[in-house]
Amino acid sequence: MKIAAQLFQYSLLSFFLLSCKSGNENVVYEKASYKLLNSEIMTTMPGDLIVTGDYLVWTDPFARDYFVHVHDRENGGEIGVMGKVGKGPREFITGGINMVAIDNLFFASDANGNTKGFLSLDSLVLQKETFIALSDSERVSRPQMSELSKGVFVGRTEDGDANYFKANIQGQNSVFGVYPVSKVKQHIGGNMAYNPEKRCLVYTSFNFPYIALYQETGNTFKLLWERKSDGREYEIADNQIIFDRRVGGIRGVCLSKDYIIALERDRERDPMDESTVGRDISKCPRTVFLYDYDGKLVKIVDLGIPIMRIAADSKDNVLYVLGADPDYVLVKYEL
C-alpha cells in the first residue's frame, strides 16, 4: 500500500499503516512527523494547551512573571503574554484560565488568591491592558463551573450524589452523568472537552482507561456511550476505589472535526510503569488514540516524541502538541 507523503516546511509527514484486529475493531497504526511551530517554549513544565480562533495558548503554572502565553496559530510566533503573577489587585498568585475563550476572553481565577476576571486576547494584540475585572453582578451570578461555550457551564457534583455532573445551560440547572466505576459513587481524576459544532461533551479519566460521550439536549446532557476497561486496573475496598498507579489512563483529550483524540499510551508497544513517570518528560506517552464519535477506535498514531499536552479545533483535523524534542516544542500534525 503506497501512501503519499505531504511535504512540510520543516518535516516530512510519513505514514506507515498496519491494520490489526482488536476485539471487533480494525485499528490502523500510523507514524507521523510534525511541523515545527516554535522551539523556544521556556517553562519548567507546561500547563494547559488551548487552540482558539487564530491563536494557540498555553499556560505556565510555575511562571514568575506572566502565566499565559499566546502564539500565532499559523506560524507559531509568540504574540505576547498576559496574566501577571503577583499579589496585587490584578495579579495572580497561582493563576488558571478556562479552557475555552468566549468572545476572545478567557475567564481567569487564582487558586491561592482572590483575583477573578477576564484576560482579553483582543487587548493583547492591540497592546492594551488585558485584565478585565468582573462586574458586581458577574461575581454573584457566574456559575462556579467550567464554561464550555457561551452560557454552557458544567461541573462535578459531590461524592455520593446520584449523578456525576451538574450543569447550568443558559441559566437552567440540571444534573446528569454516570460514575466511571459504577459500583462506587466516587469522583476520580479526569478531563473534559466540548465540541460546539456537535454540541457534545467527552469525559476521560487519567486513573484508568475510560471515556464517555454525552450529547447536549435542552438544558442538560445525556449519555451516548462509554468505553472502559474490564476493571483490572483497580480494586474496591471499604467503598473506595484503589487504582493501580502502574497503569494509568488517558492523560489528555481534545475534539477535532472527525475524532475524539486521547493522549493515551499504547501499552502493547510501550508497557511503561506509570508510577515512575513523574515529571520525566522522556517517559510521557508518544501516541494518541483516535476514536470516532460513535465510540470506535479508528487508529493509533505514534507522534514520534514524548507528549505533554494536546489541543484541537472542531472545524478541522489538525492536532497541536506541546512535547519534547528534546527540549519543549510547540508543533502540529495533520491527522
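The secondary structure content of the chain amounts to 2 helices and 30 strands. Rg of the C-alpha trace for the chain: 20 Å, near the compact-globule value of 20 Å for 335 residues, within the 12% margin. Its C-alpha atoms give the chain principal-axis dimensions of about 60 × 50 × 40 Å. Looking at the chain as a whole, 51% of its 335 residues qualify as buried. Contacts in the chain between residues far apart in sequence, at least 24 positions, make up 45% of those at least 6 positions apart. Approximately 16700 Å² of the chain is accessible, and the part contributed by carbon and sulfur atoms is 47%.

Turning to the environment of Gly86, a few remarks are in order. With respect to the helices, strands and loops of the structure, Gly86 is situated in the loop between strand 9 (78–84) and strand 10 (95–97). Separated by 21 residues in sequence, Gly86 and Asp65 place their C-alpha atoms 7.8 Å apart.

Another aspect to go through is the pairing of strand 14 (residues 146–149). A regular strand places its side chains so that they alternate between the two faces of the sheet. The pairing of strand 14 with strand 15 (residues 152–156) spans 3 bridges and is classified as antiparallel. Within strand 15, the residue paired with Ser149 across the bridge is Val152.

This paragraph deals with the pattern of salt bridges. Enumeration over the complete set of coordinates arrives at 15 salt bridges. Note that Lys315 is salt-bridged to Glu197, the shortest N-O span being 3.2 Å. Of this pair, Lys315 sits in the loop between strand 28 (307–312) and strand 29 (318–324) while Glu197 sits in the loop between strand 18 (190–195) and strand 19 (200–205); the two residues are 118 residues apart in sequence, bridging distant segments of the chain. Take Lys315: its relative accessible area is 60%, and that puts it in the exposed class. Its relative accessible area of 48% is what places Glu197 among the partly exposed residues. Notably, a salt bridge pairs Arg267 with Glu274, separated by 3.6 Å at the nearest N-O pair. In this structure Arg267 comes out as partly exposed when scored by relative accessible area, which is 31%. Residues joined by salt bridges that share partners form a network here, namely Arg251, Arg265, Arg267, Asp270 and Glu274.

In this structure, Pro326 follows Asp325 across a cis peptide bond, with omega equal to -15°. In this structure, Arg199 is a non-glycine residue whose phi angle is positive, near 55°. Counting through the fold element by element, Arg199 comes out in the loop between strand 18 and strand 19. Look at Arg199 and you get partly exposed, because its relative accessible area is 37%. The phi torsion at Asn239 lies on the positive side, around 60°, for a residue other than glycine.

What follows covers the side chain of Arg73. Within the secondary structure, Arg73 is located in the loop between strand 8 (66–72) and strand 9. Looking at Arg73, the relative accessible area reads 12%, which means it is buried. Of note is the side chain of Arg73, whose polar atom sits 2.8 Å from the backbone oxygen of Gly53. Reaching out from Arg73, the side chain makes a polar contact with the side chain of Tyr320 at a distance of 2.9 Å. The contacts of Arg73, once residues within four sequence positions are left out, are Leu37, Val51, Gly53, Asp54, Tyr55, Leu56, Asp313, Asp316 and Tyr320.

Rules used in this analysis
Along each chain, residues carry numbers from 1 onward, in the same order as the chain's sequence is written. For a predicted model such as this one, the threshold for reporting local features is a pLDDT of at least 70, and the threshold for listing and counting side-chain atom pairs is 80 or more; totals across whole chains, interfaces and linings nevertheless cover every residue. In computing side-chain values, all of the structure's heavy atoms are included and hydrogens and water are not. Note on conventions: DSSP H or I runs of at least 4 residues are helices, E runs of at least 2 residues are strands, and numbering of each starts at the N terminus. Just to be clear, the radius of gyration here is over C-alpha atoms, and the globule rule we use is 2.2 Å times residues to the power 0.38. Summary of the burial criterion: residues with accessible area below 20% of their type's maximum are buried, those above 50% are exposed, and those between are partly exposed, where the area comes from a 1.4 Å probe applied to protein chains only. Note on contacts: a residue pair is in contact if any heavy atoms of the two residues lie within 4.5 Å. For accessible areas, the Shrake-Rupley method is used with a probe of radius 1.4 Å. Any residue's cover is judged against the shown protein chains and nothing else. Pairing between two strands is assigned when DSSP locates at least 2 bridges connecting them. Take a side-chain nitrogen of Lys or Arg and a carboxyl oxygen of Asp or Glu: if they are within 4 Å of each other, that pair is a salt bridge. Polar contact criterion, stated in full: a pair of N or O atoms within 3.5 Å, where within protein one must be able to donate a hydrogen and the other to accept it, and residues adjacent in sequence count only if both atoms are side-chain atoms.

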